[in-house]
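Inside the fold
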Amino acid sequence: PRLLSQFFFADERVTRVVAEINGLDAELDPQQYLVLLNQLHLSQAHLLAILERIMEECIPTQRHSRDYLVKFPEELLVDSLGNHMLFAAECLLAGTFLEVEEADGAQLRPQARNLLCSLELVRTVLREQSLSQPSSYPEPVQAVLVQFDRLFAEFELSYVSSLVGVKSPEEIYRQQEIIVLFCETVERALRLGYLTQEMIDGYEPLLMFTIPRLAIISGLLIYPEGPLSLERRPEEMSRVFSPFYNLLKKIRDLLQVLSVEELCLLERSLCTAE
């Protein structure tokens, strides 16, 4: 049950697979090479998962901030991201630029080298610790883990930033504004009887259409200084709405001539029409 013991056996597995790959002629047996490569990725992912648990147990208050993750596209925020970063660092160190431009890759290579050297040091230190005192983490062990955690976070941010456009603080704030608008829209719809709590609790599929429709009306009329404010320039709006700037202006102009009764009738119809 001890994490250091688990790390020892996971590390042994990685070492064995690497030795098998190094002893194989990939050109003579490409199928076996692919099998071993997949085993390496799986065993490295398992090793990193245990290492993550060790850092949470050993240096929980010294972890490097991961606040930058909110800037990443959602499709990148998967469980395998850490293992992908390790694979990317290995490719960069080998001079292979699979996903980034060569100029970016050249700038990232020093970080990749530092990260992989730090990982090797972590593996050595934790193996020794697991064989001597597998239930404790002395200060030198903690220092090595803190350094690795920092280097990993720095490489992850740098690599992903060179790969895709990360969100700016302004875009993140605009997305938060949209979240608030949707929450206020739902609260208002419940208060006016457009929606019921049972529909929300039951994940009624119609809500996927109803809430955004009501949010547009709320954003244009009820909360005109929010994320749908047409007093801003299109480039100052969230990328969710900026392409529809002119259309939103037309919708606002039409809504402004409606009476209270007509607006209520429109909103109720939006809650039923597909």
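Cut-offs used in this document
By convention here, each chain's residues receive numbers from 1 onward along its written sequence. Whole-chain, interface and lining totals are the exception, using all residues; otherwise, since this is a predicted model, local features are given only for residues with pLDDT of at least 70 and side-chain atom pairs are given and counted only at 80 or more. The basis for every side-chain value is the complete set of non-hydrogen atoms in the structure, without hydrogens or water. Note on terminology: a nonpolar core comprises buried Ala, Val, Leu, Ile, Met, Phe, Trp, Tyr and Cys residues joined through side-chain atoms within 4.5 Å. When accessible area is computed with a 1.4 Å probe and restricted to protein chains, residues below 20% of their type maximum are described as buried, those above 50% as exposed, and intermediate ones as partly exposed. Note on conventions: DSSP H or I runs of at least 4 residues are helices, E runs of at least 2 residues are strands, and numbering of each starts at the N terminus. As annotated, the domain borders come from an automatic or database domain assignment. Centres within 6.5 Å make a pair out of two Phe, Tyr or Trp rings, where for Trp the six-membered ring is used; the pair is then stacked when the planes are under 30 degrees apart, edge-to-face when over 60, and tilted otherwise. Contacts between residues were defined by any pair of non-hydrogen atoms, one from each residue, lying within 4.5 Å. Inter-axis angles, ranging from 0 to 180 degrees, are taken between N-to-C directions of lines fitted to C-alpha atoms, where helices are fitted over the stretch in contact. Each angle gets one of four labels, with under 35 degrees taken as roughly parallel, over 145 as roughly antiparallel, 65 to 115 as roughly perpendicular, and the rest as oblique. It is the directions from the helix axis to the C-beta atoms that the arc portrays.

Per an unreviewed UniProt entry, the protein carries the name LST2 protein and comes from Serilophus lunatus.

Here the focus is the nonpolar core. Judged by nonpolar contacts, the single largest core of 45 residues is most densely connected at Leu 51, Ile 54, Leu 126, Leu 145, Phe 148, Phe 155 and Tyr 159. Elements with a minimum of two residues in this core: helix 1 (3-22), helix 2 (30-58), helix 3 (81-93), helix 4 (102-132) and helix 5 (139-163). Here this core gets 10 residues from one element, more than from any other, and that element is helix 5. Residues Ile 178, Leu 181, Ala 215 and Leu 220 belong to the second largest nonpolar core, which totals 14 residues.

What follows is about the domain arrangement of the protein. The domain architecture assigned to the protein consists of domain 1 (3-163) and domain 2 (169-272). Here the C-alpha centre of domain 2 lies 44 Å away from the C-alpha centre of domain 1.

With that out of the way, let us pick up the packing of aromatic side chains. Centre distance and the angle of the planes are the two values used to describe a pair of aromatic rings. Under the defined criterion, the tally for this structure stands at three aromatic pairs. For the ring pair Phe 8 and Phe 9, a centre distance of 5.4 Å and an interplane angle of 85 degrees mean the geometry is edge-to-face.

We now examine helix 8 (residues 207-222). Looking only at helix 8, the buried set comprises Leu 207, Thr 210, Ile 211, Leu 214, Ala 215, Ile 217, Ser 218, Gly 219 and Leu 220. If you follow the buried residues of helix 8, they end up packed against helix 6 (169-192), helix 7 (197-201), helix 9 (245-255) and helix 10 (260-270).

This part covers the environment of Leu 76. The residue Leu 76 is located in the loop between helix 2 and helix 3 in this model. As a C-alpha pair, Leu 76 and Ile 178 span 102 residues in sequence and 21 Å in three-dimensional space. The contact partners of Leu 76, leaving out residues within four places of it in the chain, are Leu 81, Val 160 and Val 164.

This part takes up the packing of helix 8 against helix 10. At a minimum axis separation of 9 Å, helix 8 and helix 10 run at an interaxial angle of 155 degrees. Here helix 10 runs roughly antiparallel to helix 8, going by the angle between their axes. Judged by residue contacts, Thr 210, Arg 213, Leu 214, Ile 217 and Leu 221 of helix 8 engage Leu 263, Leu 266, Glu 267 and Leu 270 from helix 10.

A separate point is helix 10. When helix 10 is considered as a whole, its buried residues turn out to be Leu 263, Glu 267 and Leu 270. Each buried residue of helix 10 sits inside an arc of 60 degrees when the element is viewed along its axis, so together they form one side. When the buried face of helix 10 is taken as reference, the exposed residues oriented beyond 90 degrees from it are Glu 261 and Leu 265. Buried residues in helix 10 make contact with helix 6, helix 8 and helix 9.

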